[in-house]
Amino acid sequence: SNNQLEKMLGYSHSELLGRKVIDLIAPESRDLIQDNIKFGTEDPYECLLVKKDGSVLPAEIRAKNMCYKGQLGRVFAIRDLSERKKNEDSLKESEEKFRNLAEESPNMIFIYLQGRVVYANKKCEEITRYSREEFYSPNFNFLSLVAPESVELLKSSYAMHMRSEEVPPYEYGLINRDGQRIEVIITSKLIEYNGRKALLGLVTDITERKRNEA
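Residues numbered from 1 in each chain as written. Predicted model: local features only at pLDDT ≥ 70, side-chain atom pairs only at ≥ 80, totals over all residues. Heavy atoms only, no water.

Caption draft 1: Seen up close, the sheet that holds strand β5 (residues 116-120). Read from one edge of the open sheet, 5 strands run β5-β4-β8-β7-β6, paired in antiparallel fashion. One side of each edge strand has no neighbouring strand; the edge strands of this open sheet are β5 and β6 (170-175). When the angles between neighbouring strand axes are averaged without regard to direction, this sheet yields 40°. Both strand β4 (residues 108-113) and strand β8 (residues 196-205) contribute to a ladder of 5 bridges, which runs antiparallel. From the neighbouring strand, Met108 faces β8, where its bridge partner is Val203. (Pairing = 2+ DSSP bridges. Helix = DSSP H or I, 4+ residues; strand = E, 2+ residues; numbered from the N terminus. Axes fitted to C-alpha atoms, helices over the stretch in contact; angles between N-to-C directions.)

If you want it as structure tokens, here you go:
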């Protein structure tokens, strides 16, 4: 064992020497590691380790067979995943809060990633008359919702976002499934979604306001 493993699990060097690997594995992960040893698998996998104080540590293990002092042995490389798991949990919590807020919003909220809508809130369904399943379909064309004279405006603003340029809110025409025209104003922002650049859009229906102005 090396110093990093000792720090990770809270054991001293002498306490780890001679200890069976299986004794350091949480019960729910033991079948996994036994299969790994049995079949000599070298692919990385995640499991739970048990620290000296009894707490559980999420880890990634890579293992391979090797010759040690004339005998066949197995070397294990262990990576602490605690911080990554903490970040994943934090991200999941943030996404949950976002979705809860978005679902109650009086405005349309969507996320557009690489030519596809990957999230649309309840208001999107109500105003456009399209279901979320239709929005998420690979064949759905978001620009089909846009009035013909506004298509180039949206394409231009999207290109600006992809160049990391700020785009001020702007108005455009939206055509719903029933062919009804809706005047809207969109505020959009470039965000990171699953490690990739995506567009977060907040669309406000201003049809009534435009009607009153006219």
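There is more to say, and it comes next.
Caption draft 2: Representation of helix α7 (residues 151-162) in the model. With 12 residues, α7 should cover 16 Å at 1.5 Å per step; its first-to-last C-alpha distance of 17 Å lies within 8% of that length. Those residues of α7 that fall on the buried side of the exposure criterion are Val151, Leu154, Ser157 and His161. Across the axial projection of α7, the buried residues extend over an arc of 135°, all falling on one side. Where the residues of α7 are buried, they touch β6, β7 (181-193) and β8. (Expected span 1.5 Å × (residues − 1). Buried < 20%, exposed > 50% of the residue type's maximum accessible area, 1.4 Å probe, protein only. Arc of directions from axis to C-beta. Contact = heavy atoms within 4.5 Å.)

Caption draft 3: Summary view of unusual backbone geometry. Phi is positive for Arg129, which is not a glycine, with a value near 70°. You can see Arg129 is positioned in the loop between α5 (122-128) and α6 (132-136). Owing to a relative accessible area of 42%, Arg129 belongs among the partly exposed residues under this scheme. Phi at Asn194 is positive, roughly 55°, even though this residue is not glycine. Note on placement: Asn194 falls in the loop between β7 and β8. For Asn194, a relative accessible area of 55% puts it in the exposed group.

Caption draft 4: Structural context of the sheet that holds strand β3 (residues 71-80). Pairing in this open sheet of 3 strands is antiparallel, and the strands run β1-β2-β3 from one edge to the other. Since the sheet does not close on itself, it has two edges, and those belong to β1 (45-50) and β3, each with one partner. Strand-to-strand twist of the sheet, defined as the mean angle between neighbouring strand axes without regard to direction, takes the value 50°. In this sheet, β3 lies alongside strand β2 (residues 56-68) in antiparallel orientation, the contact comprising 10 bridges. When the bridges of β3 are listed, Ala63 appears paired with Phe76. Along the sheet face, helix α3 (residues 30-39) touches β1, β2 and β3 and points at about 120° away from the line of β1. Packed on one face of the sheet, helix α4 (residues 82-104) meets β1, β2 and β3 and runs near 140° to β2.

In short, shape yes, function no, at least from these values alone.
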